[in-house]
Each structure stands twice: as structure tokens, then as C-alpha cells.
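Report on the structure
Residues per chain are reported as follows:
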Amino acid sequence: VFLIANVVLLAYLLLTPRSRWPAFLTAGFLGLTIGSLLIHESWRLAAFYNLLDLVELLSGALMLQWKSREVPRFTERDYLLRFIGYGVLAGPAIAASLLWIILALAKAPNAAICLRHWIEADGLGIAITTPAFVAVFRTRLRDALTWRWNWIYPAILLALAYVGFVQSRIPMVFLLYPVLVLVM
């Protein structure tokens, strides 16, 4: 759930002027932290990981839009390569490296494994879902008539997310991605 929240935030950063980024980042941090507290995570741990998430998203967004404020164009090869390099690889690598440094200084035994898992999980999530959310937000759900008939897809998405995250016996989280494509 938190990865999806991060990707939604990244999509907003890519689509809005930089002057609005502080508001989105603040709202994102508060929302992620409140969500973490609702699942009984310690506030210090929640704040730490959510700050790392913001570092990841902000660094990726800044690198993607360093020279210009262009609208994301995932169908163009140059933009797609930049997105993969900066958003999918560099953003997660920067945040994971900060985590690795802190864990290494604390002499945590699995610092390198955490580094790899962070980059793999966040990079994959960003690669798959960011283009979907950008497409959804760019259309702004203009066609209300079609939306009336397609309400079932977001309902299925919410139900799968709920079932996938409240239990751990049957891995169902992977089912979210195909449904996200249907929501587009």
C-alpha cells in the first residue's frame, strides 16, 4: 500500500509545477506517517522510512526534470530511458544507499540485503505503476459517463489491496498491477 502511495506522489510531482512540490511532499509525508502509525509502526521508524521515501521520489523527480519542465512522455524512447535511469534506478539507489550507510554504521548484519531489496522493490514498483498513474491523472477522468460504467475496476483494486495486505498466507499483492492497468 505504501509503495502505491509513493508512486501516486511521484506521479503528482512529475505533473505539477515545482512551486507546488512542497505541499505535495508535506501531504505525502504526513499521509505515509499516519498510515504507518495506523498499522502500529513506531513513529520514529515511520518518520525515518518515510523521509527516505521522500528522498527517493524527490531525487528521481528532480533528475527527470533537471533541465526542463516537460510533461512525462513514456511512449518516447529518450524520456523512457531517462525515466528508467533516474526514476527507476537512481532515485531508489540514493535512498537505499542512505539506508545502507545508516545500517552499516549501526553494524546491522543485513545492510547489503536491505540495500538490494529496497532498490529492487521500489524500482519495480515505480517502473510498473508510475506510467499508469500519470496516464490516469493526465486524463483527469474526463469521461464521467464511461466512469459510471467502469466503477467496478477501482472497487476490485481496493478489494484486492485489502485482501492482499491483511493476510500473508496467499500472496496476492502481484494481482494489483494487472488491475491497475484496467483502471487506466
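Residues numbered from 1 in each chain as written. Predicted model: local features only at pLDDT ≥ 70, side-chain atom pairs only at ≥ 80, totals over all residues. Heavy atoms only, no water.

**Some thoughts on the nonpolar core**
The biggest cluster of nonpolar side chains holds 21 residues, and the ones touching the most others in it are Leu10, Leu13, Leu14, Ala61, Tyr79, Phe83 and Ile126. At the level of elements, helix H1 (2-15), helix H2 (21-38), helix H3 (43-64), helix H4 (77-105) and helix H5 (111-139) are the ones that each hand at least two residues to this core. Counting residues per element, this core draws most heavily on H1, at 6 residues. Among all residues touching Tyr79, those that are not within four sequence positions of it are Leu14, Leu64, Glu70, Pro72, Arg73 and Phe74. Ala95, Ala96, Leu99 and Trp118 belong to the second-largest nonpolar core, a separate cluster that totals 7 residues. (Core = buried A, V, L, I, M, F, W, Y, C linked by side-chain atoms within 4.5 Å. Buried < 20%, exposed > 50% of the residue type's maximum accessible area, 1.4 Å probe, protein only. Helix = DSSP H or I, 4+ residues; strand = E, 2+ residues; numbered from the N terminus. Contact = heavy atoms within 4.5 Å.)

**Quick look at the pattern of salt bridges**
On inspection of all chains with the given rule, the structure shows 3 salt bridges. A salt bridge links Glu76 to Arg73; its shortest N-O distance comes to 2.7 Å. Between Glu120 and Arg116 there is a salt bridge whose closest N-O contact spans 3.2 Å. Highlighted residues: Glu120 and Arg116, both in helix H5, separated by 4 residues, approximately one helical turn. Accessibility expressed as a relative area gives 45% for Arg116, which makes it partly exposed. (Salt bridge = Lys/Arg side-chain N within 4 Å of Asp/Glu carboxyl O.)

**Observations regarding the environment of Tyr86**
Assignment of secondary structure puts Tyr86 in helix H4. Not counting the four nearest positions on each side in its chain, Tyr86 is found in contact with Gly60, Met63, Leu64 and Gly91.

**So, the packing of H2 against H3**
Where H2 contacts H3, the two axes come as close as 9 Å, and the packing angle between them is 145°. The handedness of the crossing between H2 and H3 comes out as right-handed. Mapping the contact onto sequence places Trp21, Leu25, Phe29, Leu32, Thr33, Ser36 and Leu37 in H2 and Trp43, Ala46, Ala47, Asn50, Leu51, Asp53, Leu54, Leu58, Ala61 and Leu62 in H3. Its residues assigned to classes, the contact of H2 with H3 comprises 13 nonpolar, 3 polar and 1 charged. (Axes fitted to C-alpha atoms, helices over the stretch in contact; angles between N-to-C directions. Left-handed = near helix turned anticlockwise from the far one by under 90°. Nonpolar A, V, L, I, M, F, W, Y, C, P; charged D, E, K, R; others polar.)

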